[in-house]
Amino acid sequence: MSPSAPSSSRLSLRHALPLLLAASFAPSVQAADLLTITQDALANSSSLNASRATFRSTEAGQDVSRGTLLPQISATGSLYRSDSLETQHAAGASAGAGAGAGGSTSGQDYNGSSLGVNVTQVLFDASNWYQYQQSKKQVGQQALQLEIDQQQLLYDVSSAYFEILRAKEVLDAREAQSKAIGRQLEQAKEQFNVGLVAITDVNEAKAAYDSARAQLISARSDLQVSFEALERLTGKQYDSIDGLADDLPIASPKPATRDDWVNLAMTSSPSIRYAEAGVDVAKSSVDIARAGHLPTLNAYADYAYSDNDIDALRGHNENVEVGVQANLPIYSGGSTSASVRQNTYSLESTQYDFEDQRRYTTQQVRSLFTQVVNDVESVDAQREAIVSSRSALEATRAGYEVGTRNIVDVLNAEQSLYESISNYADARYTYVTDLLQLRQQAGVLSLDVIRGTNQWLRDSKRVSLDLADTQRRGSPTDDIGARPTPPTP
């Protein structure tokens, strides 16, 4: 082996080590479906984890309030040494003459110790009691806030997931449109070269091609941004996600009436229950303020022990006191009455907030129900529009071949077809996200709902962030005009 071989090996290792370290610290990249990504978000979402921490903090606050109702025990103790010096002088003697000139000096040094124990138990304190009751209500309210945040996260993740699939299908349509108009441009150039068409046809085709290319660039950007939005929610990167099945059933929501959904929301919506819990918390604040007018009653026991060695005497002092202490507030400058008024107005405000939340939820549920019903019809209409646009394009191309149509008509027909394809994809994903949002507003969006939606995702429809590997199996326009038959449940 040559002497240069070991140094070459060390050089390769030195170059490879930074790459290995970079790979070890790189964010995880993986393929996943909606259920997996949702579970990642539930575990890693910073906003949901913050909500969980707030809930645990509120739970600890309940223990703090309960502690004021339980026995309070405190103890004090000390060890000390006392050194004292006393000097006395006879009348008329100067202070500097000392003890021999009619004065005397005495001192007393001793050690001592003391111990005290105090025990207090609340017998009646309405303010502390109402504060404890309020803390329990606050825990329940914060639990509802946690539920609100969790359902919001489920919807946000689902919306971001399907936004990626929407962006991918729009990208597919834009790519197909760009290729089709590109072929039309090449055909126009060839016809112009042999004198069959005027230069205006080439210019029209070039303008349409440039517009299609701009739309294609925008669609690619939208896909990348959509992946990044999903990463923000989960803290993870995904190289690809499963796509939506073509045979997804597009059906009206169940229950089948707006009033049924509104009634469901009135009983299930955590936002409404949170606002209602806020009213109960505000009532407790009024009770706490009114308790400022009431007396308090405490039982107590004191034990005191002291000992010292003054004059070399042995022994100690001990004292035990047990009793009941009452306190009656008579006048506090009007602050107690003002606090009652203040919290009464706060209660009134929360009652209005509760009513506003009921109205808002009712309006949202009704609007979303109507939107989902319209989405069903829109999907059907957009599917038929693709069939009609394809037929119109074929007829326009035939007319262009025989001279009854010009190239502008052909280009417009091309754009109309791919716009219909894009609109069809948009209508399908709008239906899915609107249905999920309807469930969220009604308070019934759960991991089971996500699991049910997840069964309509297919690995064969996988969407990749790598734009060089985004082609699906088959053409994006294959069989798109056919009406899918929903599978039998």
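Please refer to the structure higher up on the page.
Residues numbered from 1 in each chain as written. Predicted model: local features only at pLDDT ≥ 70, side-chain atom pairs only at ≥ 80, totals over all residues. Heavy atoms only, no water.

Moving on, we get to the overall build of the protein. For the protein, the helix and strand inventory stands at 10 helices and seven strands. Counting over 489 residues, the protein shows a buried share of 37%. Considering only contacts in the protein between residues 6 or more positions apart, those separated by 24 or more positions represent 86%. Surface accessibility of the protein: about 27200 Å² in total, with carbon and sulfur atoms responsible for 51%. (Helix = DSSP H or I, 4+ residues; strand = E, 2+ residues; numbered from the N terminus. Buried < 20%, exposed > 50% of the residue type's maximum accessible area, 1.4 Å probe, protein only. Contact = heavy atoms within 4.5 Å. Areas by Shrake-Rupley, 256 points an atom, 1.4 Å probe, with all protein chains shown as cover.)

In terms of nonpolar packing, the biggest core is built from 67 residues, with F162, L165, I241 and L244 touching the most fellow members. Among the elements that make up this core, the one with the highest residue count is helix α4 (residues 126-193) (17 residues). Excluding anything up to four places from it in sequence, I241 contacts A32, I37, Y161, I164, L165, F227, K461, R462 and V463. (Core = buried A, V, L, I, M, F, W, Y, C linked by side-chain atoms within 4.5 Å.)

What follows is about the packing of α4 against helix α9 (residues 407-442). Packed helices, taken two at a time, are described by their axes: the angle between them and the distance between them. Orientation of α4 relative to α9, taken along the N-to-C sense of each, is 170 degrees, at an axis distance of 10 Å. Taken together, the axes of α4 and α9 are roughly antiparallel relative to one another. (Axes fitted to C-alpha atoms, helices over the stretch in contact; angles between N-to-C directions. Parallel < 35°, antiparallel > 145°, perpendicular 65-115°, else oblique.)

The next thing to look at is the pattern of salt bridges. Counted under the stated rule, the structure contains 17 salt bridges. Across the pair R358 and E355 runs a salt bridge whose closest N-O atoms are separated by 3.9 Å. Of the two residues, R358 and E355 both sit in helix α8 (residues 335-402), three residues apart, roughly one turn of that helix. You can call R358 partly exposed: its relative accessible area is 31%. Put simply, E163, R166 and D426 are held in one network by salt bridges that share partners. (Salt bridge = Lys/Arg side-chain N within 4 Å of Asp/Glu carboxyl O.)

A ring pair, where both rings are aromatic, is described by two values, the distance of the centres and the angle of the planes. Counting across every chain of the model gives three aromatic pairs. Their ring planes at 55 degrees and their centres at 6.2 Å tell us that W129 and Y132 sit as a pair that is tilted. With W129 and Y132 both in helix α4 and three residues apart, the pair spans about one turn of that helix. For W129, a relative accessible area of 44% gives the class partly exposed. Ring centres of F162 and Y429 lie 6.3 Å apart, and the angle between their planes is 35 degrees; on these two criteria the pair is classed as tilted. With F162 in helix α4 and Y429 in helix α9, the pair connects residues that are 267 residues apart, well separated along the chain. Clustering of aromatic rings is evident, with ring pairs tying together Y161, F162 and Y429. Directly above the aromatic system of Y429 lies the positively charged group of R428, at a separation of 5.9 Å from the ring centroid. (Phe/Tyr/Trp six-rings, centres within 6.5 Å; stacked < 30°, edge-to-face > 60°. Lys NZ or Arg CZ within 6 Å of the ring centre and 35° of its normal.)

Over its 36 residues, α9 runs 52 Å from end to end, which matches the ideal 52 Å to within 8%, given 1.5 Å per residue. Counting buried positions along α9 yields 26 of 36 residues, so the element is predominantly enclosed. The residue sitting at the N-terminus of α9 and contributing the capping side-chain oxygen is N406; that oxygen lies 3.1 Å from the backbone nitrogen of V408. Just past α9, the residue G443 takes up positive phi, approximately 85 degrees. (Expected span 1.5 Å × (residues − 1). Polar contact = N/O pair within 3.5 Å; in protein donor to acceptor, adjacent residues only side chain to side chain.)

Another point: the packing of helix α3 (residues 46-67) against α4. Where α3 meets α4, the axes come as close as 9 Å, and the angle between the chain directions of the two elements is 170 degrees. For the element pair α3 / α4, the angle class is roughly antiparallel. For the contact of α3 with α4, the class distribution of residues is seven nonpolar, 12 polar and five charged. (Nonpolar A, V, L, I, M, F, W, Y, C, P; charged D, E, K, R; others polar.)

Mapped onto the elements of the fold, S349 is located in helix α8. By relative accessible area, S349 is classed as partly exposed at 36%. Counting along the chain gives 70 residues from S349 to V279, while the straight-line C-alpha distance between them is 8.7 Å.

This brings us to a nonpolar patch on the surface. On the surface, L123, F124, L294, L297 and V324 cluster together into a nonpolar patch covering about 420 Å² of accessible area. Take L123: it is sitting in strand β3 (residues 103-124). (Patch = residues over 30% accessible without salt bridge, like charges linked within 9 Å, V, L, I, M, F, W, Y side chains within 5 Å.)

Moving on to unusual backbone geometry. Cis geometry marks the peptide bond from K254 to P255; its omega dihedral reads 5 degrees. Following the sequence through the fold, P255 ends up in the loop between β4 (237-244) and α6 (258-268).

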